[in-house]
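Survey of secondary and tertiary structure
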Amino acid sequence: MTDIRPHEVFVPTTPPEDAQLRYIGRIHTPWTERKECPRRGDPENGPDCRIEVFEPWVPALKNIETFDSIEVLYWLDRARRDLVIQNPAHTGDVRGTFALRSPNRPNPIGTSLVKLISVNGPLLTVRGLDCLDGTPLIDLKPDRCAFTDKPRSGA
């Protein structure tokens, strides 16, 4: 991987382990136990949460403040990874793991579309998360709707 386009910057890294994921930061929320955590985050009325981006990834935040919302991907490090059938909230509505948004899954990747409140160096303040305090950050992406083509007017 030696192809670098103009204006691209790379940083030296160590070889990845397992699925080649790198934790690029840590998420800070008010919730320390799963029972406290909301089922879905609320981008409008939820509490402000912080995302801390680690070096050497801080330069990758350049221009992120131009977006109103971002997608946050995180590793649900305290989730079970061995359930294939689940009974959410003990309702009797038994479902397969892939038919649920439960954190308990073979590869516990969480995702939330959050409102970006502010950016201060390596710290982002967001609203709309639904994960525990200290959750490892996998990735940040601009809201994909920001890249959706606008319909063309009649031709």
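Scroll up to find the structure.
Heads up: these notes are all about the structure in this document. (Residues numbered from 1 in each chain as written. Predicted model: local features only at pLDDT ≥ 70, side-chain atom pairs only at ≥ 80, totals over all residues. Heavy atoms only, no water.)

Thoughts on the pattern of salt bridges
Side chains that differ in charge, positive against negative, can pair when their charged atoms come close. Scanning all chains against the criterion turns up 6 salt bridges. A salt bridge links K35 to E33; the nearest nitrogen and oxygen atoms lie 3.5 Å apart. E33 gets classed as partly exposed once you look at its relative accessible area, which sits at 39%. The salt bridge partner of R95 is D93, with a shortest N-O separation of 3.1 Å. (Salt bridge = Lys/Arg side-chain N within 4 Å of Asp/Glu carboxyl O. Buried < 20%, exposed > 50% of the residue type's maximum accessible area, 1.4 Å probe, protein only.)

Things to note about the layout of surface pockets
Size it by volume and the largest pocket reaches roughly 1100 Å³. Looking at the largest pocket, it is lined by 38 residues, and the ones nearest its centre are R34, R39, R101, S102 and P103. Of all the secondary structure elements, the ones that give two or more residues to the lining of the largest pocket are β3 (69-75) and β6 (109-120). For the lining of the largest pocket, the element with the most residues is β6, which contributes 5 residues. Residues belonging to the lining of the largest pocket are distributed by class as follows: 16 nonpolar, 12 polar and 10 charged. (1 Å grid on protein atoms, 1.4 Å probe; cavity = no way out; pocket = protein on both sides within 12 Å on 5 of 7 lines; lining within 4 Å. Points joined across faces, edges and corners; volume = space filled by probe spheres on them. Helix = DSSP H or I, 4+ residues; strand = E, 2+ residues; numbered from the N terminus. Nonpolar A, V, L, I, M, F, W, Y, C, P; charged D, E, K, R; others polar.)

Some thoughts on the pairing of strand β2 (residues 48-53)
Alternating residues of β2 divide into C49, I51 and V53, all buried, and D48, R50 and E52, none buried. As judged from the 5 bridges shared by β2 and strand β7 (residues 123-127), these two strands associate in the antiparallel manner. Bridging from a neighbouring strand, E52 pairs with L123 of β7. (Pairing = 2+ DSSP bridges.)

Digging into the sheet that holds strand β8 (residues 135-142)
As summarised here, the arrangement of the 6 strands in space is β1-β2-β7-β6-β3-β8, forming a closed barrel in which the pairing is antiparallel. Within this sheet the neighbouring strands show an average axis-to-axis angle of 45°, counted without direction. (Axes fitted to C-alpha atoms, helices over the stretch in contact; angles between N-to-C directions.)

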